[in-house]
Amino acid sequence: MATDLAISVTGLTRRFGARVAVQSLDLSVPAGTVYGFLGPNGSGKTTAIRCMLGLLRADAGKVSIFGESDPVRRLDGVGAIIETPRFYAWLSGRANLEICEAYLPEHRHGQIDEALERVGLLSRAHDKVSGYSLGMQQRLGIARALLGRPRLLVLDEPTNGLDPQGMRDVRELIRRLAQEGMTVFISSHLLSEIQAVADTVGIVLKGRRVAEGRVSELLRASAGDSGAVEIELGGPDLNAIRREVATLDGVSVLPRDRPHPGARAQRAPARERAQPRLGQPRRGAGRLERARRELREPVLEPDRE
Amino acid sequence: MATTNPIGGVFWRMVAAELRKLLSRPSGVVMLVISALLPILVFGLAKLVEGGGVNMNANGQPVASLFSLDGPKLLGYMLTARNFFVLPLFLVMVSAQLVAEERANFTLRALLALPNARWRVLLAKYTALLTLAAISIVGSLGVGGPLCFLFVDGPQTLVAWQGVALGWVASLASDAGLIALTLLISTFSSSVAGVLVGVILGLMADLAIRGLLQIAGMLKLFPTDQLAALMPGRALAAWEGYADGWDPWAFLGLGLLTLGCLAVATFRFQREDVL
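Throughout this description, residue numbers start from 1 for each chain and increase along the sequence as written. Going through the entries in the order they are written, you letter the chains from A and number the ligands from 1. Two thresholds apply to this predicted model, a pLDDT of at least 70 for residue-level local features and 80 or more for giving and counting side-chain atom pairs, whereas whole-chain, interface and lining totals are computed over all residues.

Visitor: Report on the overall build of chain A, specifying residues and quantitative values.
Guide: Only runs of H or I of at least four residues qualify as helices and only runs of E of at least two qualify as strands under DSSP, and these elements are numbered from the N terminus. Helices and strands together make up the secondary structure of chain A, namely nine helices and 13 strands. By the burial criterion, 43% of the 305 residues in chain A qualify as buried. With C-beta atoms placed from the backbone, a residue is labelled by how many other C-beta atoms lie within 10 Å of its own: buried for 20 or more, exposed for 12 or fewer, partly exposed between the two.

Visitor: Quick rundown of the overall build of chain B? Include the residues and the values.
Guide: Scanning chain B from terminus to terminus reveals 13 helices and two strands. For chain B, the spread of C-alpha atoms along the principal axes amounts to about 70 × 50 × 35 Å. Per-residue burial for chain B yields a buried fraction of 40% across its 275 residues. Throughout, a pair of residues is in contact if the C-beta atoms placed from their backbones lie within 7 Å. Expressed as a percentage of contacts within chain B between residues at least 6 apart in sequence, the contacts between residues at least 24 apart total 77%.

Visitor: I'd like a rundown of helix 5 (residues 164-179) of chain A, residues and numbers included.
Guide: All names here are of chain A. Here the expected length of a helix is defined as 1.5 Å per residue gap, with one fewer gap than residues. For helix 5, spanning 16 residues, the distance from its first C-alpha to its last is 23 Å, which sits close to the expected 22 Å at 1.5 Å a residue. Of all the residues in helix 5, the buried ones are G166, M167, V170, L173, I174 and L177. With its buried residues spanning 120° around the axis, helix 5 presents them on a single face. Residues of helix 5 that are exposed and angled more than 90 degrees away from the buried face: P164, Q165, E172, R176 and Q179. Those residues of helix 5 that are buried are in contact with strand 3 (34-38), helix 3 (112-118), helix 4 (134-146), strand 6 (152-156), strand 7 (183-188) and helix 6 (191-197). The reported arc concerns the directions from the helix axis to the C-beta atoms and nothing else.

Visitor: How would you summarise the interface of chain A and chain B if you had to cite specific residues and measurements?
Guide: Counting residues at the interface gives 24 residues for chain A and 26 residues for chain B. Looking at which element gives the most residues to the side of chain A that touches chain B, the answer is helix 2 (residues 93-102) of chain A, with three residues. Per-class residue counts for the side of chain A that touches chain B are 18 nonpolar, no polar and six charged. Classes in brief: Ala, Val, Leu, Ile, Met, Phe, Trp, Tyr, Cys and Pro nonpolar; Asp, Glu, Lys and Arg charged; the others, Gly included, polar.

Visitor: Can you explain the sheet that holds strand 2 (residues 19-30) of chain A? Please cite residues and give values.
Guide: Residues and elements named next belong to chain A. Any two strands are treated as partners once DSSP identifies two or more bridges connecting them. In spatial order, the strands read 2-1-4; together these three strands make up an open sheet with antiparallel pairing. Two strands bound the open sheet, and with one partner strand each, they are strand 2 and strand 4 (60-65). Taken pair by pair, the neighbouring strands of this sheet meet at an average axis angle of 15°, ignoring direction. With eight bridges joining them, strand 1 (residues 5-16) and strand 2 adopt antiparallel strand pairing. Bridge assignment links S8 to a residue of strand 2, and that residue is S28. A fitted line through C-alpha atoms represents every axis, and for helices the fit uses only the stretch in contact; the resulting angles, taken between N-to-C directions, go from 0 to 180 degrees. Those strands touched by helix 1 (residues 45-52) are strand 1, strand 2 and strand 4, and its axis lies near 115° from that of strand 1.

Visitor: So what's going on with the sheet that holds strand 3 of chain A? Residues and values would help.
Guide: Residue and element names in this part refer to chain A. Strands sit in the order 5-6-7-3-8-9 across an open sheet of six strands; the sheet is mixed. Two strands in the sheet have a free side with no partner beyond their single neighbour: strand 5 (78-81) and strand 9 (208-214). With direction set aside, neighbouring strand axes in the sheet form an average angle of 15°. Both strand 6 and strand 7 contribute to a ladder of five bridges, which runs parallel. Across the sheet, the residue bridging to L153 is V184, located in strand 7. Seen against the sheet, helix 1 touches strand 3, strand 6, strand 7 and strand 8 (200-205) and runs at an angle of roughly 150° to strand 6. Each of strand 3, strand 6 and strand 7 touches helix 5; the most contacted strand, strand 7, lies at about 150° to it.

Visitor: Could you give an account of unusual backbone geometry, with specific residues and numbers?
Guide: All names here are of chain A. Positive phi outside glycine occurs at E83, with the angle close to 50°. Topologically, E83 is positioned in the loop between strand 5 and helix 2. One non-glycine residue, E157, adopts positive backbone phi at about 50°. Among the structural elements, E157 can be located in the loop between strand 6 and helix 5. Its 21 C-beta neighbours within 10 Å are what place E157 among the buried residues.

Visitor: Give me helix 4 (residues 71-83) of chain B: which residues, what numbers.
Guide: Residues and elements named next belong to chain B. Over its 13 residues, helix 4 extends 18 Å from the first C-alpha to the last, a length consistent with the 18 Å expected when each residue adds 1.5 Å. Of all 13 residues that make up helix 4, ten are buried, and the element is covered over most of its length. Listing the buried residues of helix 4 in full gives G71, P72, K73, L74, L75, G76, M78, L79, R82 and N83. Taken together, the buried residues of helix 4 touch helix 2 (26-50), helix 5 (86-104), helix 7 (118-151), helix 8 (158-186) and helix 12 (241-244). In the segment just after helix 4, F85 is the residue with positive phi, at about 60°.

Visitor: Explain the pairing of strand 7 of chain A to me, and be specific about the residues and the numbers.
Guide: The buried fraction of strand 7 of chain A amounts to six of the six residues, a majority that puts the element mostly inside the structure. Both faces of strand 7 of chain A are covered, namely the face carrying T183, F185 and S187 of chain A and the face carrying V184, I186 and S188 of chain A.

Visitor: I'd like to hear about the packing of helix 8 of chain B against helix 13 (residues 248-271) of chain B, residue by residue, with values.
Guide: All names here are of chain B. The interhelical angle for the contact between helix 8 and helix 13, taken along N-to-C directions, is 30°, at an axis separation of 8 Å. Between helix 8 and helix 13, the angle falls in the class roughly parallel. Helix-helix and strand crossings are classified by hand; for helix 8 and helix 13 the assignment is left-handed. Mapping the contact onto sequence places A173, S174, A176, G177, A180, L181, L183 and L184 in helix 8 and L254, L257, T258, C261, L262, V264 and A265 in helix 13. Its residues placed into classes, the contact of helix 8 with helix 13 shows twelve nonpolar, three polar and no charged. Every angle not falling under 35 degrees, over 145, or within 65 to 115 is termed oblique; those three ranges are roughly parallel, roughly antiparallel and roughly perpendicular. Each crossing gets its handedness from the near helix: less than a right angle anticlockwise from the far helix is left-handed, clockwise is right-handed.

Visitor: Could you give me a rundown of the nonpolar core, with the residues and numbers involved?
Guide: One finds F185 and I186 of chain A together with A180 of chain B to be the most contacted residues of the largest nonpolar core, which totals 144 residues. Considering every element that reaches this core, the biggest residue donor is helix 7 of chain B, with twelve residues. Those residues in contact with I186 of chain A that sit more than four places away from it in its chain are V34, G36, F37, L155, P158, I174, I194, V197 and A198 of chain A. Structurally, a nonpolar core is described as a collection of buried Ala, Val, Leu, Ile, Met, Phe, Trp, Tyr and Cys residues joined by way of C-beta atoms within 7 Å.

Shown next, in the form of structure tokens:
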């Protein structure tokens, strides 16, 4: 069936006992785009992905991928990473991919070397996975998802465990795949990660979709007077910079688990106060390197739903 | 979409992939090595006893004088050794590794996110395990058979050889039942140890029930012989018929056990939530 949608999810609901993990979720992922599935941890992203891939039974709702709703047939042409990829540790990376390939339809065979090369693991393909670092296992997971050149790539938190260079590599790979026409569905709790690669974004909170649209449109909508501005911090002594920023009125230091050390200026005046102060070389505190307008934060705060 | 044969080329590739996993792990390799070594051990012990190398008496007579060895009989001892405890335990362990352990370490998740019906995945795993059991039997027979045929003297008839050969074939059927039972229990547990305990407790419960049935039979409460023969523990020992006489009820029980366990395991596997 010809369709312009790679993924169509309607009314998807999944409960675990009394807890509703995903509630009447609707998603429309256009074919050939990079779709960011954004939400804080525990918002139901992974549960929704598992339902889409048939790993979890949905209590209600309908999922179709490229117009196909049969739970087995809709997976033909889909490659996926769900959370941290796991492997047969006593086998080599290549052997792991060969085992996985055996489960694919014949028309998707014969691309192991290409997949390994894309993620930069071809030279380590014959090493046992038990000797791989977490980042290498993550890249092997992406290679496994790329087997058979899928039309749709589903990546659930694909940069988990990667160092900054690895994260940049993954983003670059996603962009290349998108240029080749592949639809990429990427979930993350990091705004910056989604913003860096996605054309369209769906934001999910407490199992419900609260916003969906093109990233540029959502950015425009969030560019009001009260729009928070996130600034990236840099310098020789980052701890001193963080301490310095924490003393500024209207500026808060972002948690350390963010991909870039940063701070948030709640209003434009606060940023104006922060800029010259941080820029003073006498304190050795560094400088504001970049200010970027991000998706508006309140969207990700459940209390403000 | 073109209709594909559910047991076509991809299915056999899946079986080969599962077999590769089994044969690349120490447990699978050790199982096959034991399969090949057990007949040699039995052969050595039998020759030792026959030659008077064991200084033991039974009923006041040397054991060696009571022990007459011939090829089919020795091959039967080898079969008993093969099916006694150690190798069935290995078979349960490797079966549990292929489902319960893969669920626990999340490798099953990657397989089930691929475009295959779950029943095909389970059937591929079952077929691979059955193939491993067949390799084990062929290995034991391949080592033990020539030893018995070439190096043991004694009265031999074609009928005697046929009987014990059928016993070896029947032991593959018993393995098929044991694997099916293990896969069923693997749908309830995510640890190899849990599955092992489950199988052992299940067979102990079976033994207790058969004991109660025997008592009921002795008290002539109701006819219990056929019912006891249908019980899993007795069914799994159907191969012993080569020595005691074949019991069709035991084979019926084995068939029911195998198909029943596979059906329930498939039903549960199909509906399982994979985290």
